[in-house]
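Now for the letters of each chain:
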Amino acid sequence: MVLNYIFIAFFLIAFVIATVRLVFFGDIDVFPAIIDSTFSSAKTGFEISLGLTGVLSLWLGIMKVGEKGGVVSVLARCLSPFFTRLFPSIPKGHPVTGTIFMNIAANMLGLDNAATPMGLKAMKELQELNSDKECASNAMIMFLVLNTSGLTLIPVSIMVYRAQLGAANPTDIFVPILLATFFSTLAGIIATAAYQKINLFNRILLLALVVMATLVAGVIWAFAVMSQETMDIISKTVANVVLMTIIVLFFFAGMLKKVNVYDAFIEGAKDGFRTAVTIIPYLIAILVAIGVFRASGAMDWLIDGVAWGVACLGIDTDFVGALPTALMKPLSGSGARGMMVDAMTQYGADSFVGRLASVFQGSTDTTFYILAVYFGSVGIRRTRHAVACGLAADLSGIIAAIVICYLFFG
């Protein structure tokens, strides 16, 4: 229901602003631009889905081998003490906890091609536990918020963009991004737990948060003493070694269990293909709405309004130039990436705005894209508090990014 209102709102706001631009400013190009954006966004949505088809077929095939080989079940049993408290509606030792963990781990390592298929598989398994097939369950919402908060340990792609645009030290945003995304994830967990009445002061949950904070601190310390070249090499090597190790481990476990690995892979790959086809309408719908919103000039007006309000309050406005990246990130990953590159091009990669735009890009994930793809893949129509909690994580990440960048670069 929330997505329905958001979908309609994007079109209505775009129409009103485009009409104002046409009638009062004589901008005859605004409506053609909006219509062009509907076609280009629909094409982009289909191309993304087409690209996902191969990746989903590959990884859901591998996951099926791991499932039949018993690896996912073993992982689920090991994680049960933590997950039964954060996801109390999931039965103890259920295989979905292993899939959820692998999705989160892939996200943290920046392995997007592996994270999405694992996330879609986890959502499908959560749907099997869901009593109301059209309404998001508590476990689904907590899982989705963990994805939208965008916890990433190694933001390799952002550092690469900074290097290409001439940053003197492309890795200087590493610690700020890690801190901002950590606060975003923490806020998302707290907001969702508040809605679902989950006790976060449980000893095991507190221990898990301490371990997570320690891990973040350890990564910060380790990378702080490395050069950019060393950091790039290690991050890429670790990510790919982990990925290949998972594949080999799953296949080896399948062989030990005397599973027909090839047949199991094909079975999972067929599920991946069906899933990719299922999400096409949902993905096209949300991308077209976002494209219309951007083409109408609504995003520019929003930024100008924020700048005016901040100036009236007497607050420093240096951060406003980077806000397009922050406001675009929940809507479109590629759009936010374009905004980040534009900010670094316009203001300089080593400027405050250029650095803040980079931290915005790494602090959260594409909330509405993830909502459309993950919930769309299992036919969820009523999202309950998923949007509110996802946006709470986004807002926390934005505020944390601004504060942290003023501390580091202000």
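Please refer to the structure placed before this passage.
On a predicted model such as this, the values are computed, not experimentally measured, just so you know.

J.: Explain the overall build of the chain residue by residue, including any values.
T.: For the chain, the helix and strand inventory stands at 17 helices and zero strands. A compact globule built from 410 residues would reach a C-alpha radius of gyration of about 22 Å, and the chain, at 22 Å, matches this within 12%. Long-range pairs, those at least 24 residues apart, make up 79% of the contacts in the chain with a sequence separation of at least 6. Summed over all atoms, the accessible surface of the chain reaches about 18,200 Å², with 68% contributed by carbon and sulfur. In the chain, 25 side chains carry a positive charge and 24 a negative one; their mean positions are 14 Å apart.

J.: I'd like to hear about helix α4 (residues 96–108), residue by residue, with values.
T.: If you check α4, its first and last C-alpha atoms are 18 Å apart, about what 13 residues at 1.5 Å a residue would give, namely 18 Å. Counting buried residues along α4, 10 of its 13 residues qualify, which places the element largely inside the surrounding structure. All of the buried residues along α4 are Val96, Thr97, Gly98, Thr99, Ile100, Met102, Asn103, Ala106, Asn107 and Met108.

J.: An account of the nonpolar core is needed here, citing residue identities and associated values.
T.: The biggest cluster of nonpolar side chains holds 57 residues, and the ones touching the most others in it are Phe87, Ile100 and Phe375. Counting 37 residues, the second largest nonpolar core, distinct from the first, contains Ile303, Val320, Phe352 and Ala401.

J.: Would you mind going over helix α15 (residues 352–363) in detail, with residue names and values included?
T.: With 12 residues, α15 extends 16 Å from end C-alpha to end C-alpha; this agrees with the ideal 16 Å at 1.5 Å per step. Of all 12 residues in α15, 12 are buried, a share of seventy percent or more. What α15 keeps buried is the set Phe352, Val353, Gly354, Arg355, Leu356, Ala357, Ser358, Val359, Phe360, Gln361, Gly362 and Ser363.

J.: Can you break down the pattern of salt bridges residue by residue, with the values?
T.: Side chains that differ in sign of charge can pair as their charged atoms come close. For the coordinates displayed, the defined rule picks out 16 salt bridges. Residue Glu67 pairs with Lys64 through a salt bridge whose shortest N-O separation is 3.8 Å. Here Lys64 and Glu67 lie together in helix α2 (residues 30–69), a separation of three residues that amounts to about one turn. When the shortest N-O distance is used, the salt bridge between Asp132 and Arg382 registers 2.7 Å. A residue pair is termed long-range when its members are at least 10 positions apart, and Asp132 in the loop between α5 (112–129) and α6 (138–148) and Arg382 in the loop between α16 (367–377) and α17 (386–409) qualify at 250 residues. In this structure Asp132 comes out as partly exposed when scored by relative accessible area, which is 31%.

J.: Tell me about a nonpolar patch on the surface, and name the residues and values.
T.: Residues Leu22, Val23, Phe24, Phe25, Ile28 and Trp301 make up a contiguous nonpolar surface patch of about 700 Å² in total accessible area. Among the elements that make up the nonpolar patch, the one with the highest residue count is helix α1 (residues 2–25) (four residues). The topology assignment puts Trp301 in helix α12 (residues 298–312).

J.: Break down the packing of α4 against α6 for me, citing the residues and quoting the values.
T.: Where α4 contacts α6, the two axes come as close as 10 Å, and the packing angle between them is 10°. The orientation of α4 relative to α6 falls into the category roughly parallel. Helix-helix and strand crossings are classified by hand; for α4 and α6 the assignment is left-handed. Taken together, the residues of α6 that come into contact with α4 (itself represented by Ile100, Asn103, Ile104 and Asn107) are Phe143, Leu146 and Asn147. Residue composition of the contact of α4 with α6, grouped by class: four nonpolar, three polar and no charged.

J.: A description of the environment of Leu79 should follow, citing residues and the corresponding values.
T.: Its place among the elements puts Leu79 in helix α3 (residues 71–86). Taking the C-alpha atoms as reference, Leu79 lies 27 Å from Thr383; in sequence the two are 304 residues apart. Not counting chain neighbours up to four residues away, the residues in contact with Leu79 comprise Thr97 and Phe101.

J.: Could you give me a rundown of the packing of helix α8 (residues 174–196) against α15, with the residues and numbers involved?
T.: Two numbers describe how α8 lies on α15: the axes approach to 8 Å, and their chain directions differ by 40°. By the criterion of interaxial angle, the relationship of α8 to α15 is oblique. Judged by the sense of rotation from one axis to the other, the crossing of α8 with α15 is right-handed. Residue-level contacts link Pro176, Ile177, Ala180, Thr181 and Ser184 of α8 to Ser358, Val359, Gly362 and Ser363 of α15.

J.: How would you explain unusual backbone geometry if you had to name every residue and give the values?
T.: The phi torsion at Lys197 lies on the positive side, around 60°, for a residue other than glycine. Position of Lys197 among the secondary structure elements: in the loop between α8 and α9 (203–224). Judged by relative accessible area, which is 77%, Lys197 ranks as exposed. Despite not being glycine, Lys258 has its phi angle at roughly 60°, a positive value. Within the secondary structure, Lys258 is located in the loop between α10 (228–256) and α11 (261–295).

So, how was this worked out
Residues numbered from 1 in each chain as written. Predicted model: local features only at pLDDT ≥ 70, side-chain atom pairs only at ≥ 80, totals over all residues. Heavy atoms only, no water. Helix = DSSP H or I, 4+ residues; strand = E, 2+ residues; numbered from the N terminus. Rg over C-alpha atoms; globule rule 2.2 N^0.38 Å. Contact = heavy atoms within 4.5 Å. Areas by Shrake-Rupley, 256 points an atom, 1.4 Å probe, with all protein chains shown as cover. Lys, Arg positive; Asp, Glu negative; His and termini not counted. Charge placed at Lys NZ, Arg CZ, Asp CG, Glu CD. Expected span 1.5 Å × (residues − 1). Buried < 20%, exposed > 50% of the residue type's maximum accessible area, 1.4 Å probe, protein only. Core = buried A, V, L, I, M, F, W, Y, C linked by side-chain atoms within 4.5 Å. Salt bridge = Lys/Arg side-chain N within 4 Å of Asp/Glu carboxyl O. Patch = residues over 30% accessible without salt bridge, like charges linked within 9 Å, V, L, I, M, F, W, Y side chains within 5 Å. Axes fitted to C-alpha atoms, helices over the stretch in contact; angles between N-to-C directions. Parallel < 35°, antiparallel > 145°, perpendicular 65-115°, else oblique. Left-handed = near helix turned anticlockwise from the far one by under 90°. Nonpolar A, V, L, I, M, F, W, Y, C, P; charged D, E, K, R; others polar.

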